[in-house]
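Overview (structure and organization)
Now for the letters of each chain:
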Amino acid sequence: MTFRLQFITWTLLALWGVTAVNASPVSVGWPDLPDPAMQEFDDPYRDLSPEQFDDVLFVVRLRGRLQQDVGTEEERQTWQELLLETEDALTSDDIDVDWLLEQVPVVTERRERAGAAGNPQFDGQTVTLSGFAIPAPPEADGQEVAYLVPQFGMCSHMPPPPPNQMIRVQLDGTWTPDYAHVPVRVTGTLSIDPSDREFVVVDGLVPMRATFKLDVTEIEDLSEAGDAPGAQLSLTDRIRAAAHKKTGGGKATE
């Protein structure tokens, strides 16, 4: 290869590399993160109306009572009548309660798989995403970490979201959240890298399962920008969260 060809080759490779590194981040929403291919599955419970679902739960409760040695004879007779009446109503809607109950472990497994599957389209992409940051204990190597969730209050006043709606954010040392649920906008490299931790968030030990990891390159605190209306922690919650942060947030486990 002549020197001129080598020069052109090196120049093109260098330009490609610069383009790749400086590529504009993709704006991503939380609904984009689940793997679309894993969200379609048979779930007979989704086909129930709210009233039908309540009736199924009522059948389960009544059967549980009747299986136990509780209640007076009159009460048990009433429970039995209510059970038959509710089962007949479901049968008239072509709902087989016994079959539905047999499907519980199957549907649970399908929902868990769907809730953990990350969208491969964004694996390795530079993205921008807004959410609420939760302080976390550092990694074993000292790497500072926070968790990003889509809604204010998740993991403290509300249960944790599905794993593919939680991101473990590898911070760059320029900023860390001072309390739980700081509204932020983050930019960085997103990757599918499942993790399973457990640490104290505000009031108690919480399992933190995240499908994604994000190596942050830029982070914007929105708490003073007015971009997250209504997302204000009480003073008590802020004090608790800050105390847990200073003490390591409780023992984190894999």
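I will try to describe carefully the structure that is included in this document. These figures come from a predicted structure and were not determined experimentally.

**As for the packing of aromatic side chains**
Evaluation of the coordinates by the stated rule reveals three aromatic pairs. Arranged with centres 6.0 Å apart and planes meeting at 70 degrees, the rings of phenylalanine 132 and phenylalanine 152 form a pair that is edge-to-face. With phenylalanine 132 in strand 2 (residues 126-135) and phenylalanine 152 in the loop between strand 3 (145-149) and strand 4 (167-170), the pair connects residues that are 20 residues apart, well separated along the chain. Of the residues examined, phenylalanine 152 reaches a relative accessible area of 22% and is grouped as partly exposed. Each ring, one from tyrosine 147 and one from phenylalanine 199, has its centre 5.6 Å from the other, and the planes form 45 degrees; the classification is tilted. Taken together, the positions of tyrosine 147 in strand 3 and phenylalanine 199 in strand 5 (residues 182-201) put the pair 52 residues apart, joining distant regions of the chain. Of the two residues, tyrosine 147 and phenylalanine 199, neither departs from the other in class, the shared state being buried. Between arginine 46 and the ring centre of phenylalanine 41, over which it is positioned, the NZ or CZ distance is 4.5 Å.

**Here's the deal with the environment of threonine 211**
Tracing the chain through its elements places threonine 211 in strand 6 (residues 204-221). Owing to a relative accessible area of 3%, threonine 211 belongs among the buried residues under this scheme. For the pair threonine 211 and asparagine 119, spaced 92 residues apart in the sequence, the C-alpha separation amounts to 9.8 Å. A polar atom in the side chain of threonine 211 sits 2.8 Å from the backbone oxygen of alanine 116. A distance of 3.3 Å separates a polar atom in the side chain of threonine 211 from the backbone nitrogen of asparagine 164.

**A short note on the pairing of strand 2**
In terms of burial, strand 2 is largely enclosed, as eight of its 10 residues are buried. Sheet analysis places strand 1 (residues 26-27) next to strand 2, joined by two bridges and oriented parallel. Within strand 2, the position partnered with valine 26 by the bridge is valine 127. Pairing between strand 2 and strand 5: eight bridges, direction antiparallel. Opposite alanine 133, over in strand 5, you have valine 182 as the bridge partner. The pairing of strand 2 with strand 3 spans four bridges and is classified as antiparallel. The residue bridging isoleucine 134 from the neighbouring strand is tyrosine 147, located in strand 3.

**Looking at helix 3 (residues 73-92)**
Over its 20 residues, helix 3 runs 29 Å from end to end, which matches the ideal 28 Å to within 8%, given 1.5 Å per residue. Along helix 3, the residues that are buried comprise Trp79, Leu83, Thr86, Glu87 and Leu90. The buried residues of helix 3 occupy one face: seen down the axis, they fall within an arc of 100 degrees. Counted as exposed and oriented over 90 degrees from the buried face of helix 3: Glu73, Glu74, Glu85, Asp88 and Ser92. Where helix 3 terminates, the next one or two residues include aspartate 94, which has phi positive at roughly 60 degrees.

**As for the nonpolar core**
Ranked by size, the top nonpolar core spans 22 residues in total, and within it Leu33, Leu148, Ile167, Val184, Leu190 and Leu214 carry the most contacts. Elements with a contribution of two residues or more to this core: strand 2, strand 3, strand 4, strand 5 and strand 6. Those residues in contact with isoleucine 167 that lie beyond four places of it in its chain are Trp30, Leu33, Leu129, Ala146, Tyr147, Leu148, Leu190, Ala210, Phe212, Lys213 and Leu214.

Parameters at a glance
Residues numbered from 1 in each chain as written. Predicted model: local features only at pLDDT ≥ 70, side-chain atom pairs only at ≥ 80, totals over all residues. Heavy atoms only, no water. Phe/Tyr/Trp six-rings, centres within 6.5 Å; stacked < 30°, edge-to-face > 60°. Helix = DSSP H or I, 4+ residues; strand = E, 2+ residues; numbered from the N terminus. Buried < 20%, exposed > 50% of the residue type's maximum accessible area, 1.4 Å probe, protein only. Lys NZ or Arg CZ within 6 Å of the ring centre and 35° of its normal. Polar contact = N/O pair within 3.5 Å; in protein donor to acceptor, adjacent residues only side chain to side chain. Pairing = 2+ DSSP bridges. Expected span 1.5 Å × (residues − 1). Arc of directions from axis to C-beta. Core = buried A, V, L, I, M, F, W, Y, C linked by side-chain atoms within 4.5 Å. Contact = heavy atoms within 4.5 Å.

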